[in-house]
Every structure is written in structure tokens, then in C-alpha cells.
Number of protein chains: 2
Amino acid sequence: MNSEIRRTMPLLSMSIVMQLTELTARQIRYYEEHDLIQPHRTEGNRRMFSLNDVDTLLEIKDMLEQGVNMAGIKKVFAMKNDPTIQAGAKEITDGELRKILREEMRQAQRMQRTSIRQGDLSRFYQ
Amino acid sequence: MNSEIRRTMPLLSMSIVMQLTELTARQIRYYEEHDLIQPHRTEGNRRMFSLNDVDTLLEIKDMLEQGVNMAGIKKVFAMKNDPTIQAGAKEITDGELRKILREEMRQAQRMQRTSIRQGDLSRFYQ
DNA sequence: TTACGTATGTTAGTTTTCCTAACATATGAT
DNA sequence: ATCATATGTTAGGAAAACTAACATACGTAA
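All values derive from a computational prediction rather than experimental measurement.

1. Remarks on the overall build of chain A
Step number 1: Secondary structure assignment for chain A yields five helices and two strands.
Step number 2: Reading chain A from its N terminus to its C terminus gives the helix and strand order α-α-β-β-α-α-α.
Step number 3: For chain A, the share of sequence-separated contacts (at least 6 apart) that also reach a separation of at least 24 residues comes to 56%.
Step number 4: Taken as a whole, chain A presents about 8,900 Å² of accessible surface, with 50% of it coming from carbon and sulfur.

2. Things to note about the environment of Leu12 of chain B
Step number 1: On the secondary structure map, Leu12 of chain B appears in the segment before helix 1 (14-21).
Step number 2: A residue is classified by how much of its surface remains accessible, and Leu12 of chain B, at 2% relative accessible area, is buried.
Step number 3: With 28 residues separating them along the chain, Leu12 of chain B and His40 of chain B place their C-alpha atoms 9.9 Å apart.
Step number 4: Filtering out sequence-adjacent residues up to four positions away, Leu12 of chain B remains in contact with Leu11 and Leu12 of chain A together with Val17, Leu20, Arg47, Met48, Phe49, Ser50, Leu51 and Val54 of chain B.

3. Describing the packing of helix 3 (residues 51-65) of chain A against helix 4 (residues 70-81) of chain A
Residue and element names in this part refer to chain A.
Step number 1: The contact between helix 3 and helix 4 brings their axes to 10 Å, and the two run at 135 degrees. The angle between helix 3 and helix 4 places the two elements in the oblique class. Note on packing geometry: the crossing formed by helix 3 with helix 4 is right-handed. Taking contact as the criterion, the partners of Thr56, Glu59, Ile60, Met63 and Leu64 in helix 3 are, on helix 4, Met70, Ile73, Val76, Phe77 and Lys80.
Step number 2: Across the contact of helix 3 with helix 4, the residue classes break down as seven nonpolar, one polar and two charged.

4. Some words on the layout of surface pockets
Step number 1: Approximately 500 Å³ is the volume attributed to the second largest pocket.
Step number 2: What lines the second largest pocket is a set of 19 residues, among which Ser13, Thr42, Arg46, Arg47 and Met48 of chain B lie closest to the centre.
Step number 3: Counting only elements with at least two residues in the lining of the second largest pocket, the list comes to helix 1 (14-21) of chain A together with helix 1, strand 1 (40-41) and strand 2 (47-48) of chain B.
Step number 4: With four residues, the single largest contributor to the lining of the second largest pocket is helix 1 of chain A.
Step number 5: Taken together, the residues of the lining of the second largest pocket break down into seven nonpolar, eight polar and four charged.

5. Points about the relation of the copies chain B and chain A
Step number 1: Superposition of chain B onto chain A requires a rotation of 180 degrees combined with a translation of 0.0 Å along the rotation axis, giving an RMSD of 0.0 Å. Here the transformation between the copies is reduced to the relation of a two-fold axis. Closest approach to the rotation axis among the C-alpha atoms of chain B is made by Leu12 of chain B, whose C-alpha sits 3.1 Å away.

6. What about the pattern of salt bridges?
Residues and elements named next belong to chain A.
Step number 1: Scanning all chains against the criterion turns up 10 salt bridges over all chains.
Step number 2: Notably, a salt bridge pairs Glu22 with Lys61, separated by 4.0 Å at the nearest N-O pair. Remark: Lys61 occurs in helix 3 and Glu22 occurs in the loop between helix 1 and helix 2 (25-33); sequence separation between them is 39 residues.
Step number 3: Under the relative-accessibility criterion, Glu22 is labelled exposed at 64%.
Step number 4: Relative accessible area serves as the criterion here: at 19%, Lys61 is assigned to the buried category.
Step number 5: A salt bridge links Glu59 to Lys80, with the nearest nitrogen and oxygen atoms 2.7 Å apart. Of the two residues, Glu59 sits in helix 3 while Lys80 sits in helix 4, which places them 21 residues apart along the sequence.
Step number 6: What makes Glu59 partly exposed here is its relative accessible area of 21%.
Step number 7: On the accessibility criterion, Lys80 (44% relative accessible area) is partly exposed.
Step number 8: Salt bridges sharing common partners tie together Glu32, Arg41 and Arg47.

7. Description of helix 2 (residues 25-33) of chain B
Residues and elements named next belong to chain B.
Step number 1: Within helix 2, burial applies to Ala25, Ile28, Tyr31 and Glu32. On an axial view of helix 2, the arc spanned by its buried residues comes to 130 degrees, and they lie on one face. In helix 2, the exposed positions angled more than 90 degrees off the buried face are occupied by Arg26 and Glu33.
Step number 2: Remark: Asp35 follows helix 2 within two positions and exhibits a positive phi of approximately 65 degrees.

8. Concerning the interface of chain B and chain A
Step number 1: Contacts between the two partners involve 18 residues from chain B and, on the opposite side, 18 residues from chain A.
Step number 2: Between chain B and chain A, a total of about 1,300 Å² is buried, with carbon and sulfur atoms accounting for 68% of that surface.
Step number 3: Remark: the boundary between chain B and chain A carries zero salt bridges.
Step number 4: Inspection of the region where chain B meets chain A yields zero residue pairs in polar contact (both at pLDDT 80 or more).
Step number 5: Of all elements in the fold, only helix 1 and helix 3 (51-65) of chain B reach the threshold of two or more residues within the side of chain B that touches chain A.
Step number 6: Per-element tally for the side of chain B that touches chain A: the top contributor is helix 3 of chain B, with five residues.
Step number 7: For the side of chain B that touches chain A, the residue count by class is 12 nonpolar, two polar and four charged.

Parameters and conventions
Residues numbered from 1 in each chain as written. Chains lettered and ligands numbered in written order. Predicted model: local features only at pLDDT ≥ 70, side-chain atom pairs only at ≥ 80, totals over all residues. Heavy atoms only, no water. Helix = DSSP H or I, 4+ residues; strand = E, 2+ residues; numbered from the N terminus. Contact = heavy atoms within 4.5 Å. Areas by Shrake-Rupley, 256 points an atom, 1.4 Å probe, with all protein chains shown as cover. Buried < 20%, exposed > 50% of the residue type's maximum accessible area, 1.4 Å probe, protein only. Axes fitted to C-alpha atoms, helices over the stretch in contact; angles between N-to-C directions. Parallel < 35°, antiparallel > 145°, perpendicular 65-115°, else oblique. Left-handed = near helix turned anticlockwise from the far one by under 90°. Nonpolar A, V, L, I, M, F, W, Y, C, P; charged D, E, K, R; others polar. 1 Å grid on protein atoms, 1.4 Å probe; cavity = no way out; pocket = protein on both sides within 12 Å on 5 of 7 lines; lining within 4 Å. Points joined across faces, edges and corners; volume = space filled by probe spheres on them. Least-squares fit on C-alpha atoms with pLDDT ≥ 70 in both. Salt bridge = Lys/Arg side-chain N within 4 Å of Asp/Glu carboxyl O. Arc of directions from axis to C-beta. Buried area = accessible area lost by both parts, 1.4 Å probe. Polar contact = N/O pair within 3.5 Å; in protein donor to acceptor, adjacent residues only side chain to side chain.

Spelled out as C-alpha cells, the structure:
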């Protein structure tokens, strides 16, 4: 009766993941290029995604919509996987880190202003 | 975080279902022909299976291995969906029903004998 | 302003997966 | 010996997915 599905099993094809996440194939491949997900491959080289991959993609989408860029997202995931390390301790110099975080702050503020404005408008347009 | 997967969502491609069930595409299509499953179709006519479909296929596989044939499996599913109706009350005459059930009994007995024999041998061969 | 980087769109050409339909076959029942 | 059932196999075609390259919108930096 129970076909024991694990969240790490690579069950899902590209098209289904596109539907579940509302991301384009281009976006999903781009995030893989940046090593944010590592989908399995079939013998014929087709990507196969797990439910965990879908969750990760939804997190990525969310952060992007909040103005975080690839570098920031990478950092967040790095910290999730090893919360003990200081942010950016690994491959990024202090200077680079400061620059990235400065950029994040600005962009995030900007995006938030935008979404607040949109929220305001929606009251009238809905 | 939780991408809310329902057992009825058509998420799975043919190749994955083949792996999950260890059935061939031919077998899966044959069972669909007999209306034991009704997978969704993409715009491009590809079958997409739900987790429930996988469960059903595993049940079918199990019953086949126990010597039940298509007609018997159909009846079992019909009764599961509506336990109040008497077996075979719908599209099959009493005569046909008796014939089917007789056949089931014989075949099931035969298969069981076989598996018992195998069980016996396994004690020695393992 | 111009130049640049980032995230994504678009297109072309190819390979893989899946489809239907038809024919083949093993096995058990009649 | 014939027949039905469940499955294998094959051919030809269509859909889905791949990589790689080029295009572009937008925000930032010089």
C-alpha cells in the first residue's frame, strides 16, 4: 500500500519541477550552474529532481524575489549546512563579503519598498 | 518549506514508474488499456502518474504474481470502490462470474503450491 | 554618459524518452 | 491442437530535454 517515497529520491522531471516551482527551465539550470542544486541524471543525461530539490528551488525563488542575489543565496545555504562557520569564512575575502552584504542591504530595501507599493495598489485594484 | 504533495498529483513519468514498480512500459500500458489505472496526459500526450497510480500498480503486480488475472483484478478493484455491490453484479453475468472465480481458485492454488515449493528449496539453496 | 555584471530570454541543433500500432510468443486452458 | 491471455519486440514518429551560443533588461560603477 505505501510505496515509501523519500524526499531525496530523484523522481521528478524538468517539466514537473517547472510546474511545481513556476520557474523556467533556464532558471533552474542556471541555479544548478551555481551549484545551488545537484539534480541526478538519467543514463540519457536528463535531470531528475527530488522533493528536496523542489524545496530548495522554492527557497531560491523566494530569496530572489526578496532581492537577494546568487552570492547571497549561496552564503545562506552554506550557513544552513554548517551554522558554526562564520558567513563568508571560506572562499570569499572580507572585502568581497562586505561588498556583497552592502549590495544585499540596498537591493533588499529597494525591493521591499516596491512590494509595499504593490501591496498598497492591490487594495484599490482588487 | 513544505511543497505540499498530494497522492493524486500526476508527478511521475513513465520511466520513474517503471523503476518504482519494476514493471515494463508494456505492462503498465496494458493495465491502463484494461482501465485499472487512468494516468493523466501532458499536452504532448505523455502519461503522468500519481503516487496513487504507483500504489495501484504495485497491487496489480502483487495480485498477478499470486495468479489472479485481469478479470479478477478488475473485480477486486470494483469491490474496493463500492464494497456494497455484490461481486460481478455489474457487467458480468453469473455464468461468467462463476467461470472466472473457478479459474481464480485453481490458478491461485497452483501458484501457492509453486511458491511453497520454492520456499522449501530456498531453505537448502540459501 | 558609457561600460559592465547579473539573471533570464530565445534560438538552433541534437539526443533521449515516450507514443501508438502491429506483429510475435510463451503459457495454460479447452 | 487450438485459443486466450499477458507480455516481448520492433518500427516510425513526436514530444521533451539537453547544451551552447547569442540577446537583453536593468542596476551599478567608472
